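Residues per chain are reported as follows:
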Amino acid sequence: MTQTEAKVETELVEKSENENGNTPAVLHTETEVEPTMEEKIVHQVEFYFGDANLPHDRFIKLESANHDGWFPADLLLKFNKLTNITSSLPEEERLKKILEALQGSVLIEVFEDNTKIRRNPEMPLPEGNAETKSVYLKGFNKTETKLQLIDHFKKYEGMDKVIMRYYKEKLLLPPERKPETEANKEDGEETKPKITTDKIVWVKKFKGSIFIVFKTEEQAKAALADITTYGGHPLMKLMQTDYVATKKKSLLSHFHLKQYRYRV
């Protein structure tokens, strides 16, 4: 997981510059869904353990090295931004809320006893200039498996690995009704079936997009030029560097829209 995808409806009306060279008039109308506390928590922790921050974060790397690769969960409360996000909760409930939210992250793995977290070992940090040797492909059926994808793309020279991209979906299981025990029946006690509370389960699902890492940049570009379809369906394709640049531009554009809204 994870960054919040705000639903934005934007209407842009632009007028061409007049003869005096004035800036075009721009009208923005947007409707946003405010991120939930859980989404804000996941976004912030995924930033801490993300590609851009983790290689340079001495605190996280040192604490993780001292605890066999795991970061102590209680230290999350030392991060001011996480404290601010959870400030509406009693202090004793903040860490519990953070760890519950992180169950929905694909990037972050929470230890079974909720005492520590780490970056998912299946999503290692890029090695050196890995982005320049990787291609981004989108348009796959969400039922595809990693073995199927590897088997299809292994024909391309220098293919090193396939990285499937996932998201997590929260499912709410209905409460279970537990029947009364035989012992209670024999004692003649009138007992009602016990009903447990709802249970939240996080299910990892394939996004339908992948990264393919090659041994060299030249091999990646050659494969990208040749790849057009998969299973008869057209694929969206980009070098990973171009994909990352496009995502950054999109996020920046969304940020400017928000800034404009507060200025008018």
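Look a little higher up for the structure.
Fair warning: this is a prediction, and the values are worked out from it, not measured in the lab.

**Looking at the sheet that holds strand 5 (residues 116–119)**
At step 1: As summarised here, the arrangement of the three strands in space is 3-5-4, forming an open sheet in which the pairing is antiparallel. Edge positions in the sheet fall to strand 3 (71–72) and strand 4 (108–110), since each has one partner strand and no second.

**Overview of the sheet that holds strand 10 (residues 199–214)**
At step 1: Taken together, the four strands give an open sheet; going across it, the order is 7-10-6-13, and neighbouring strands pair in antiparallel fashion. Two strands lie at the open edges of the sheet, namely strand 7 (159–173) and strand 13 (236–239), each paired on one side alone. On average, each strand axis in the sheet is inclined to that of its neighbour by 30°, with strand direction left out of account.
At step 2: As paired strands, strand 6 (residues 134–138) and strand 10 are joined by five bridges and run antiparallel to one another. Pairing of S134 across the sheet is with V213, part of strand 10.
At step 3: Running over the sheet, helix 7 (residues 217–226) touches strand 6, strand 10 and strand 13 and is turned about 160° from strand 13.

**Some thoughts on the side chain of S105**
At step 1: By the element assignment, S105 lies in the loop between helix 4 (91–102) and strand 4.
At step 2: Given a relative accessible area of 0%, S105 falls into the buried group.
At step 3: In this structure the side chain of S105 is engaged in a polar contact, spanning 2.6 Å, whose partner is the side chain of E46.
At step 4: In this structure the side chain of S105 is engaged in a polar contact, spanning 3.2 Å, whose partner is the backbone nitrogen of L107.

**Remarks on the packing of aromatic side chains**
At step 1: Going through the model one piece at a time under the given rule, you end up with 15 aromatic pairs.
At step 2: Considering the side-chain rings of F71 and F79, the 6.1 Å spacing of their centres and the 50° angle between planes classify their relative orientation as tilted.
At step 3: Through successive ring pairs, a cluster of aromatic residues spans F47, Y48, F49, F59, F71 and F79.
At step 4: Lying over the aromatic face of F111, K116 brings its terminal NZ or CZ to 4.4 Å of the ring centre.
At step 5: The ring of Y166 carries K204 above its face, with NZ or CZ at 4.5 Å from the centroid.

What counts, and at which threshold
- Residues numbered from 1 in each chain as written.
- Predicted model: local features only at pLDDT ≥ 70, side-chain atom pairs only at ≥ 80, totals over all residues.
- Heavy atoms only, no water.
- Pairing = 2+ DSSP bridges.
- Helix = DSSP H or I, 4+ residues; strand = E, 2+ residues; numbered from the N terminus.
- Axes fitted to C-alpha atoms, helices over the stretch in contact; angles between N-to-C directions.
- Contact = heavy atoms within 4.5 Å.
- Buried < 20%, exposed > 50% of the residue type's maximum accessible area, 1.4 Å probe, protein only.
- Polar contact = N/O pair within 3.5 Å; in protein donor to acceptor, adjacent residues only side chain to side chain.
- Phe/Tyr/Trp six-rings, centres within 6.5 Å; stacked < 30°, edge-to-face > 60°.
- Lys NZ or Arg CZ within 6 Å of the ring centre and 35° of its normal.

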